[in-house]
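Topology and contacts: notes
Each chain, letter by letter, is given below.
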Amino acid sequence: QDTRPVSSAVHTGYDAAEKTEDGIPLYGMDKELAAKAAAKRDPKKEQEARGWIEALTGMSLDGTLQEALKSGIVLCALASAIKPGVCKKASTMAMPFKQMENISNFLDACTKLGVGKHDLFQTVNLYENKDMNSVLLTLEALGRVASKMPDYKQEWPT
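For the structure given in this document, a descriptive report is provided here. (Residues numbered from 1 in each chain as written. Predicted model: local features only at pLDDT ≥ 70, side-chain atom pairs only at ≥ 80, totals over all residues. Heavy atoms only, no water.)

**Re the overall build of the protein chain**
Definition in use: Strands are runs of DSSP state E lasting at least 2 residues, helices are runs of H or I lasting at least 4, and numbering of each runs from the N terminus. Any residue under 20% of the maximum accessible area for its type is buried, any over 50% is exposed, and the rest in between are partly exposed; the area is computed with a 1.4 Å probe on protein chains only. Accessible surface area values rest on a Shrake-Rupley calculation with a 1.4 Å probe, where residue burial reflects the displayed protein chains alone.
Looking only at helices and strands, one finds seven helices and zero strands in the protein chain. Of the regular secondary structure in the protein chain, the N- to C-terminal order runs α-α-α-α-α-α-α. Per-residue burial for the protein chain yields a buried fraction of 36% across its 158 residues. Summing over all exposed atoms, the protein chain offers an accessible surface of approximately 10000 Å²; the carbon and sulfur share of this is 53%.

As C-alpha cells, then:
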C-alpha cells in the first residue's frame, strides 16, 4: 500500500493565512482573485474619482473611497447632482439592506442617465469591497455620459 501524500499542497493555518481588510482569511482561489484585484487597483484613478465626486456633491469623503461610498448615500447625491430627481432619495439608515438598496438606486439612476449595463458594477463589488476597479469604471462611464449633457460643467479630473 502506497502511503505517500496525494498532493504537495501545504495547509496554511488561520494565523499564517493572508487576510482581507476585514480580517477574513484568504485561501486558494480567493487568495488568487484578491491578488489579481489588488494588482488592478489604481490609487491615481481613486483620487481622481474622489475629487470629481467631492466637486460635484460638495461633500467631503472620509476614509477610503470604498468606505465613503459603501452606504450609497454619496452615490445617490452624485447622481442627483448630475440630474436632479434621477435617483431616489437615499436612506440614511445604517442597515445593510438599506445601504445596498441605495447602491441599487444609484445604479438604476446611472442606467436612466445613459450608462450602459455593461459599464455597471455589481452591488456586492462595492458593498463587500470585492472589486473597486469595477466601481471606478462605472464612475468613469458616468462622467463620460454626464459630460455630454447640456447643463453639465464639471469635467473628470486629469
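Having put the structure on the table, let's press on.
**Side note on the nonpolar core**
Convention followed: The criterion is simple. A nonpolar core is a set of buried Ala, Val, Leu, Ile, Met, Phe, Trp, Tyr and Cys residues joined through side-chain atoms within 4.5 Å.
Ranked by size, the top nonpolar core spans 37 residues in total, and within it Phe 106 and Leu 139 carry the most contacts. Contributions of two or more residues to this core are made by α2 (43–57), α3 (65–69), α4 (73–82), α5 (96–113), α6 (123–127) and α7 (132–147). The dominant element in this core, judged by the number of residues it contributes, is α7, at eight residues.

**A few points about the environment of Ile 82**
Stated precisely, the cut-off is as follows: The contact criterion used throughout is that any non-hydrogen atoms of two residues lie within 4.5 Å.
Among the structural elements, Ile 82 can be located in helix α4. Overall, Ile 82 belongs to the buried group, its relative accessible area being 11%. Residues within four places of Ile 82 in sequence aside, it is in contact with Trp 52, Leu 56, Leu 113, Leu 142, Ala 146, Met 149 and Tyr 152.

**Let's talk about α7**
Quick reminder of the rule: One less than the number of residues in a helix, times 1.5 Å, gives the span that helix is expected to have. Side-chain atoms alone can form a polar contact between residues adjacent in sequence; in general such a contact is a pair of N or O atoms within 3.5 Å, and within protein one must be able to donate a hydrogen while the other accepts it.
Between its first and last C-alpha atoms α7 spans 23 Å; for 16 residues at 1.5 Å apiece the expected length is 22 Å, and the two agree. For α7, the buried fraction is high: twelve of the 16 residues fall into the buried class. Of all the positions in α7, only Met 132, Ser 134, Val 135, Leu 136, Thr 138, Leu 139, Glu 140, Ala 141, Leu 142, Gly 143, Val 145 and Ala 146 are classed as buried. Those residues of α7 that are buried lie in contact with α2, α3, α4, α5 and α6. Taking the backbone nitrogen of Asn 133 as reference, a side-chain oxygen 3.2 Å away marks Asp 131 as the first, capping residue of α7.

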